[in-house]
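# Fold and contact review
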Amino acid sequence: MTTNPSSVSPAVVRLARYATTELREIVGDDDDPFGVSEAGLTWLPKQEHFAIRRDGRLVAHTGLVTLPLSVGPVETQVVGFGGVVVAPGLRGHGLARLVVTSALEHARTMGPQYGLLFCRPHLVSLYQRLGWRTLQEDVQVEQPDGPVVMPLRSLWVPLHDGAQWPVGPVRLRSLPM
């Protein structure tokens, strides 16, 4: 019996390098592949990268970075998820789910109690299906000219059993991811 290659789940791989060249491999010449340029924010590069290749080409990516965070009086760290992208012709086929889930499994080994991400409103339900929870509080993030309120939706996920998001104002003490 032969297996249809399109029915086999693609493997998620770790990348040693992820920069503009790799992003362009996924999205082509799209000047705003994440649809967030109008927010006018400066973003932080990720430290760890998870990707999917199909026929030798990168087609999906998620990046992670550990960041300082305060919630009310609690000083802690989060694993920031960002750079989630799927090649335009392959969206809607579960690749984002695969690459985010693999990154989430790794994030659980990194120490922080929480994962944090920012996304456009129409993507909230995708992340909620993966276990992410919407933050009701505004999140302040650092920018070169000082802190600003994140204009995108903010979601968090517990990385360890029993992790509960603290109560209070939320401030990401770095550029957003």
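Residues numbered from 1 in each chain as written. Predicted model: local features only at pLDDT ≥ 70, side-chain atom pairs only at ≥ 80, totals over all residues. Heavy atoms only, no water.

We now examine the packing of aromatic side chains. Scanning all chains against the criterion turns up 5 aromatic pairs. Between tyrosine 114 and tryptophan 156, the ring centres sit 5.9 Å apart and the planes meet at 75°, which makes this aromatic pair edge-to-face. Here the residue tyrosine 114 occupies a position in strand 5 (residues 114-119), and tryptophan 156 occupies one in strand 9 (residues 153-158), the gap between them amounting to 42 residues. When the centroid spacing of 5.4 Å and the interplanar angle of 45° are considered together, the rings of tryptophan 156 and tryptophan 165 count as tilted. (Phe/Tyr/Trp six-rings, centres within 6.5 Å; stacked < 30°, edge-to-face > 60°. Helix = DSSP H or I, 4+ residues; strand = E, 2+ residues; numbered from the N terminus.)

For histidine 49, the position within the fold is in strand 2 (residues 48-54). The class for histidine 49 is buried, based on a relative accessible area of 6%. When residues no more than four places from it in sequence are discounted, the contact partners of histidine 49 are Val13, Arg14, Leu15, Tyr18, His61, Thr62 and Gly63. (Buried < 20%, exposed > 50% of the residue type's maximum accessible area, 1.4 Å probe, protein only. Contact = heavy atoms within 4.5 Å.)

This part takes up the environment of histidine 49. For histidine 49 and arginine 14, which are 35 residues apart along the polypeptide, the C-alpha to C-alpha distance reads 5.7 Å. Of the polar contacts made by the side chain of histidine 49, one reaches the side chain of histidine 61; its length is 2.9 Å. (Polar contact = N/O pair within 3.5 Å; in protein donor to acceptor, adjacent residues only side chain to side chain.)

Notably, aspartate 55 is not glycine yet its phi reads approximately 55°, a positive angle. Along the chain, the position of aspartate 55 falls in the loop between strand 2 and strand 3 (57-71).

What follows is about the pattern of salt bridges. Taken as a whole and assessed by the stated rule, the structure comprises 5 salt bridges. Here arginine 17 and glutamate 22 are joined by a salt bridge, their closest N and O atoms 3.2 Å apart. With a relative accessible area of 48%, arginine 17 lands in the partly exposed category. Ionic pairing is found between arginine 171 and glutamate 142, a salt bridge with its closest N-O pair at 2.6 Å. Within this pair, whereas arginine 171 is found in strand 10 (residues 170-172), its partner glutamate 142 is found in the loop between strand 7 (139-141) and strand 8 (148-149), the two being separated by 29 residues in sequence. (Salt bridge = Lys/Arg side-chain N within 4 Å of Asp/Glu carboxyl O.)

In this section: helix 2 (residues 95-107). When the terminal C-alpha atoms of helix 2 are compared, their 18 Å separation across 13 residues agrees well with the 18 Å that a helix rising 1.5 Å per residue should span. Where helix 2 is buried, its residues contact strand 1 (12-15), strand 2, strand 3, strand 4 (74-86), helix 3 (124-129) and strand 9. (Expected span 1.5 Å × (residues − 1).)

Now for the nonpolar core. With 35 residues, the main nonpolar core has Phe81, Leu95 and Trp132 as its most contacted residues. Sorting the residues of this core by element identifies helix 1 (20-27), strand 2, strand 3, strand 4, helix 2, strand 5, helix 3 and strand 9 as the ones contributing at least two each. The biggest single contributor to this core is helix 2, with 8 residues. Each residue touching phenylalanine 81, except ones within four places of it in the same chain, is listed here: Thr62, Gly63, Leu64, Val100, Ala103, Leu104, Ala107, Gly115, Leu116, Leu117, Trp132 and Met177. Ranked by size, the runner-up nonpolar core spans 21 residues in total, among them Leu67, Val78, Ala163 and Met177. (Core = buried A, V, L, I, M, F, W, Y, C linked by side-chain atoms within 4.5 Å.)

For the rest of this paragraph, the subject is the confidence of the model for the protein. Per-residue pLDDT for the protein has a mean of 93; in total, 95% of the residues score no lower than 70. Scored below 50 in pLDDT, residues 1-6 makes 1 contact in the model with residues more than four places away or belonging to other chains. (pLDDT = per-residue confidence, 0-100.)

Relative to the helices and strands, valine 86 resides in strand 4. When the C-alpha atoms of valine 86 and threonine 62 are compared, they prove to be 9.2 Å apart, with 24 residues separating the residues in sequence. Those residues in contact with valine 86, other than ones at most four positions away along the chain, are Ile26, Val59, Ala60, Arg91, Leu95 and Ala96.

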